[in-house]
Amino acid sequence: MTATLVVSLIAGMWSGVHAFLSLLIGGLSCAVPNSLFALRLYGDAKKQVASPVSFFLGEFIKIILTIAFLGVAAWLYHDLNWLALIVGIVVALKSYILLLFRHLNDN
């Protein structure tokens, strides 16, 4: 979520408030369902009840939530900047690469 916020601030300074909000909406539309899915997996692992069915059900719910958030954003925010929205999605989905590089530098 931090990467999404940083890139949103840069987009806001460069292209204005609509780009900022669109990028933030796009990033949070992916980051929030991903965080909920990770929290669910963590809870299942802690209770030692993790199963493939639970995983795939959680993944399905995550995808439905992402699509629902993006649909609501397109429906309610009429000044949506679609390019910024897509950039927000990409940043949110690929921000784990930054964590990989951070982990590699720790060793």
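Look up a bit, the structure's there.
Residues numbered from 1 in each chain as written. Predicted model: local features only at pLDDT ≥ 70, side-chain atom pairs only at ≥ 80, totals over all residues. Heavy atoms only, no water.

Caption draft 1: Local environment of helix α3 (residues 52-76). For α3, which comprises 25 residues, the first-to-last C-alpha distance of 36 Å matches the rise-based estimate of 36 Å (1.5 Å per residue) to within 8%. Here α3 has its buried residues at S54, G58, K62, T66 and A73. Close packing links the buried residues of α3 with α2 (17-47). (Helix = DSSP H or I, 4+ residues; strand = E, 2+ residues; numbered from the N terminus. Expected span 1.5 Å × (residues − 1). Buried < 20%, exposed > 50% of the residue type's maximum accessible area, 1.4 Å probe, protein only. Contact = heavy atoms within 4.5 Å.)

Caption draft 2: Representation of helix α4 (residues 82-94) in the model. Between its first and last C-alpha, α4 extends 18 Å over 13 residues, near the 18 Å set by a 1.5 Å rise per residue. Buried within α4 we find A84, L85, G88, I89, V91 and A92. Projected onto a plane normal to the axis of α4, the buried residues spread over an arc of 165 degrees and lie on a single side. In the core, the buried residues of α4 are packed alongside α1 (2-15), α2 and α3. Backbone nitrogen of L83 and a side-chain oxygen of the N-cap are separated by 3.2 Å at the start of α4; the cap is N81. (Arc of directions from axis to C-beta. Polar contact = N/O pair within 3.5 Å; in protein donor to acceptor, adjacent residues only side chain to side chain.)

Caption draft 3: Highlighting the nonpolar core. Residues C30, Y77, L80, L85, I89 and A92 constitute the largest nonpolar core, which totals six residues. With three residues, α4 is the single largest residue contributor to this core. When residues no more than four places from it in sequence are discounted, the contact partners of L80 are S22, A73, A74 and L85. (Core = buried A, V, L, I, M, F, W, Y, C linked by side-chain atoms within 4.5 Å.)

Caption draft 4: Fine view of the packing of α2 against α3. Contact pair α2 / α3: the axes reach a minimum separation of 9 Å and the direction vectors enclose 160 degrees. As judged from the angle between their axes, α2 and α3 are roughly antiparallel. In this structure, α2 crosses over α3, and the sense of that crossing is right-handed. Mapping the contact onto sequence places I25, G26, S29, C30, V32, P33, N34, L36, F37, R40, L41 and D44 in α2 and S54, F55, L57, G58, E59, K62, L65, T66, F69, L70 and A73 in α3. (Axes fitted to C-alpha atoms, helices over the stretch in contact; angles between N-to-C directions. Parallel < 35°, antiparallel > 145°, perpendicular 65-115°, else oblique. Left-handed = near helix turned anticlockwise from the far one by under 90°.)

Caption draft 5: Molecular detail of the packing of α1 against α2. Two elements in contact, α1 and α2, have axes whose closest approach is 7 Å; the angle formed by their N-to-C orientations is 160 degrees. It follows from the interaxial angle that α1 and α2 lie roughly antiparallel. Handedness of the crossing formed by α1 with α2: right-handed. Together, T4, L5, V7, S8, L9, A11, G12 and S15 of α1 and V17, A19, F20, L23, L24, G27 and L28 of α2 make up the contact between the two elements. A per-class count over the contact of α1 with α2 returns ten nonpolar, five polar and no charged. (Nonpolar A, V, L, I, M, F, W, Y, C, P; charged D, E, K, R; others polar.)

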